[in-house]
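Residue-level structure breakdown
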Amino acid sequence: MAAARARRAGASLLWAAVRHRSSQSSSPQAGLVARTSLTSPPWPEVKLPDPVEEAKYHAAEVVRKVNGLISAGQYGRLFAVVHFASKQWKITSEDLIMMDNVLEAECGDRIRMEKVLLVGADDFTLIGRPLLGKDLVRVEATVIEKTESWPKVNMRFWRRHNFQRKKIIANPQTILRINTIEIYPCLS
Amino acid sequence: MVVLSAARWVRSRLSDRFWRVQEVLKYARHFRGRKNRCYKLAVRSVRRAFVKSTKARREKKRFLRALWITRIEAASLEHGLKYPAFISNLVKSQVELNRKVLADLAIYEPKTFKSLAALAQRRRQEGFLAALGDGKEPEGIFSRIVHHH
């Protein structure tokens, strides 16, 4: 038993030595390993730019250019995405918005919408994560009208159960006119 | 003879039956067939119409969301991204635009949508590197979380 185990151990040591020697002898030929379908992963290799260099390029080129465009006023019509009354609206200047709720503002009051998610012009877009700063964008609107919606009929009916209920609902609505969207060149 | 109480065989009779009938028929005027003229048929059709419109108001929201998703999927495929990749990477980059606005941007502001698709693609690549690189590479720029106070 002991002799058999020693022989098997000796054989494994011999086999390990043979393997070690064979790997040493093939290392100068490692560059000639064949290219198979498993040498590189199946997805395309993507090299992202260096973060330090990219931060420098971003600060120098992109921010400076956009700031220059904003301060020179070289943008056409601005559009903004605003979060208001628990909904998101894509708005420009001089357009009307109707919301299905009551605003605690009188007709003719000027309102500033503060939660701006995105502002864009023809050449550049400012994307907020998730909101843009209040010193960067200013969206002003005026309350024009506070009415009720058309009378909607809410009816429930179960057949063969003699059950029907009819209710007429008129939601309060508010109409706003977006006056201006302004941006200021304070990017960093 | 003196009558102290009203005669019992006088009953009150309806005088505005015409207007009660018109209240129902006015909602049936654009229907097809006899149910736009005959009250008995119109009552049933108008009741069904009201009930269907009530239920449809709840389903309109689901239908519109599916429509927006289809449109965003089409637009992002034009830029080489699939819809789940686009949406998940936008959310990971802390851009909280909803599907209605994304669909509107895809239709009316193609350049802005292209920039959003590029942002999502970049965040996706950074996510792959972070997952495969096992923490040896530097953290991606667009993967940084912005903290507001």
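All values reported here derive from a predicted model rather than from experimental measurement.

Quick look at the overall build of chain B now. Along chain B, the regular secondary structure elements total five helices and zero strands. Each of the three principal axes of chain B carries a C-alpha extent, and together these read 115 × 40 × 25 Å. Within chain B, buried positions represent 28% of all 149 residues. Counting contacts in chain B only where the partners sit at least 6 residues apart, residues at least 24 apart contribute 40% of the total. Approximately 11,300 Å² of chain B is accessible, and the part contributed by carbon and sulfur atoms is 56%. For chain B, the distance from the average position of its 35 positive side-chain charges to the average position of its 12 negative side-chain charges is 21 Å.

Here the focus is the sheet that holds strand 2 (residues 87-92) of chain A. Residue and element names in this part refer to chain A. Here four strands make up an open sheet; going across it, the order is 2-1-5-6 and the pairing antiparallel. With one partner strand each, in any of the chains shown, strand 2 and strand 6 (125-127) form the two edges of the open sheet. Taking each pair of neighbouring strands and ignoring which way they run, the sheet shows an average axis angle of 15°.

For the rest of this paragraph, the subject is the interface of chain A and chain B. Each partner contributes residues to the interface: chain A has 28 residues there, and chain B has 33 residues. Buried area between chain A and chain B, both sides added, is near 2,800 Å², and the carbon and sulfur share of it is 62%. Remark: the boundary between chain A and chain B carries three salt bridges. In this structure, K90 of chain A and E109 of chain B form a salt bridge, with 3.3 Å as the shortest nitrogen-oxygen distance. Our count for the chain A to chain B interface comes out at 13 residue pairs in polar contact (both at pLDDT 80 or more). Put simply, the parts of the chain that give the side of chain A that touches chain B at least two residues each are helix 2 (51-72), strand 1 (79-84), strand 2, strand 5 (116-120), strand 6, strand 8 (152-158) and strand 9 (163-169) of chain A. Per-element tally for the side of chain A that touches chain B: the top contributor is strand 8 of chain A, with six residues.

All right, on to the packing of aromatic side chains then. For the structure shown, the criterion picks out five aromatic pairs over all chains. Look at F18 of chain B and W19 of chain B: their rings are 5.4 Å apart centre to centre, the planes differ by 85°, and that puts the pair in the edge-to-face class. An identical accessibility class is assigned to F18 of chain B and W19 of chain B; each is exposed. Plain terms: the ring middles of F86 of chain B and F113 of chain B are 5.1 Å apart, the flat faces sit at 40° to each other, and that makes the pair tilted. Of this pair, F86 of chain B sits in helix 3 (residues 83-92) while F113 of chain B sits in helix 5 (residues 110-133), placing them 27 residues apart in sequence. Neither residue differs from the other here; F86 of chain B and F113 of chain B are each classed as buried. Taking NZ or CZ as reference, K100 of chain B lies 5.0 Å from the ring centre of W89 of chain A, over its face.

Side chains of W43 of chain A together with F128 and L132 of chain B sit close together on the surface and give an oily, nonpolar patch of about 330 Å² of accessible area. Within the secondary structure layout, L132 of chain B lies in helix 5.

Conventions adopted
Residues numbered from 1 in each chain as written. Chains lettered and ligands numbered in written order. Predicted model: local features only at pLDDT ≥ 70, side-chain atom pairs only at ≥ 80, totals over all residues. Heavy atoms only, no water. Helix = DSSP H or I, 4+ residues; strand = E, 2+ residues; numbered from the N terminus. Buried < 20%, exposed > 50% of the residue type's maximum accessible area, 1.4 Å probe, protein only. Contact = heavy atoms within 4.5 Å. Areas by Shrake-Rupley, 256 points an atom, 1.4 Å probe, with all protein chains shown as cover. Lys, Arg positive; Asp, Glu negative; His and termini not counted. Charge placed at Lys NZ, Arg CZ, Asp CG, Glu CD. Pairing = 2+ DSSP bridges. Axes fitted to C-alpha atoms, helices over the stretch in contact; angles between N-to-C directions. Buried area = accessible area lost by both parts, 1.4 Å probe. Salt bridge = Lys/Arg side-chain N within 4 Å of Asp/Glu carboxyl O. Polar contact = N/O pair within 3.5 Å; in protein donor to acceptor, adjacent residues only side chain to side chain. Phe/Tyr/Trp six-rings, centres within 6.5 Å; stacked < 30°, edge-to-face > 60°. Lys NZ or Arg CZ within 6 Å of the ring centre and 35° of its normal. Patch = residues over 30% accessible without salt bridge, like charges linked within 9 Å, V, L, I, M, F, W, Y side chains within 5 Å.

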